[in-house]
Amino acid sequence: MLRCAWCMKKIKDNKPVFGLSVKFAEGANFSNSEGTITQIKLHTRNTSVPMIVTASDSKAKNQGTDGIFTLCSERCGEKMKDTVKKELTTFKEFKDISLK
Ligand SMILES: [Zn+2]
């Protein structure tokens, strides 16, 4: 089951899932975790959160998505974006995507 990357609540299968697509900054390398959900350190929050690392041959990767945060609500999405903006050593771009 997916978890919200912001509030850590489990997202039930019948609930909407909000996605935040991110592009990694130069030097941020998660190739060992491709195709899996990995814990990523957010320095500004001093915590780690789950992120899906897209596989190198996936459609998402071809469209420029390196990683995806799953979020339970727009509110959590907005907070996640505020944080991602500050994590410049890890991320350089982000955008909303729909997962369902
Ligand atoms: Zn949430």
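As a starting point, this report considers the structure included with it. (Residues numbered from 1 in each chain as written. Predicted model: local features only at pLDDT ≥ 70, side-chain atom pairs only at ≥ 80, totals over all residues.)

### A few points about the overall build of the protein
Working step 1: Of the regular secondary structure elements, the protein holds 2 helices and 7 strands.
Working step 2: Along its sequence from the N terminus, the protein presents helices and strands in the succession β-β-β-β-β-α-β-α-β.
Working step 3: In terms of overall dimensions, the protein is globule-like: its C-alpha atoms have a radius of gyration of 12 Å, near the 13 Å expected for 100 residues.
Working step 4: Its C-alpha atoms give the protein principal-axis dimensions of about 35 × 30 × 20 Å.
Working step 5: Across the 100 residues in the protein, those meeting the buried criterion constitute 26%.
Working step 6: Across the protein, the fraction of contacts at a sequence separation of at least 24, relative to all contacts at a separation of at least 6, is 60%. (Helix = DSSP H or I, 4+ residues; strand = E, 2+ residues; numbered from the N terminus. Rg over C-alpha atoms; globule rule 2.2 N^0.38 Å. Buried ≥ 20, exposed ≤ 12 C-beta atoms within 10 Å, placed from the backbone. Contact = placed C-beta atoms within 7 Å.)

### A closer look at the pairing of strand 4 (residues 37-42)
Working step 1: As paired strands, strand 4 and strand 5 (residues 47-53) are joined by 6 bridges and run antiparallel to one another. Bridge pairing links Gln39 to Pro50 in strand 5.
Working step 2: Between strand 4 and strand 5, which pair antiparallel in sequence order, lie 4 residues; one of them, Asn46, sits at a positive phi of approximately 55 degrees. (Pairing = 2+ DSSP bridges.)

### Re the nonpolar core
Working step 1: Counting 18 residues, the largest nonpolar core has Ala5, Met51, Phe69, Leu71 and Met80 as the members making the most contacts within it.
Working step 2: Among the secondary structure elements, those contributing two or more residues to this core are strand 3 (18-24), strand 5, strand 6 (67-71) and helix 2 (74-86).
Working step 3: Beyond its immediate stretch of four places on either side in the chain, Ala5 contacts Val49, Pro50, Met51, Phe69, Thr70, Leu71 and Met80. (Core = buried A, V, L, I, M, F, W, Y, C linked by C-beta atoms within 7 Å.)

### As for the sheet that holds strand 5
In a beta sheet, neighbouring strands pair by backbone hydrogen bonds and run either parallel or antiparallel.
Working step 1: Read across the open sheet, the 5 strands follow the order 4-5-6-3-7; overall the sheet is antiparallel. The open sheet has two free edges, formed respectively by strand 4 and strand 7 (91-98), since each of these has just one partner strand. Between one strand axis and the next, the sheet turns through 40 degrees on average, direction left out of account.
Working step 2: With respect to the sheet, helix 2 is in contact with strand 3, strand 4, strand 6 and strand 7, its orientation differing from that of strand 3 by roughly 15 degrees. (Axes fitted to C-alpha atoms, helices over the stretch in contact; angles between N-to-C directions.)

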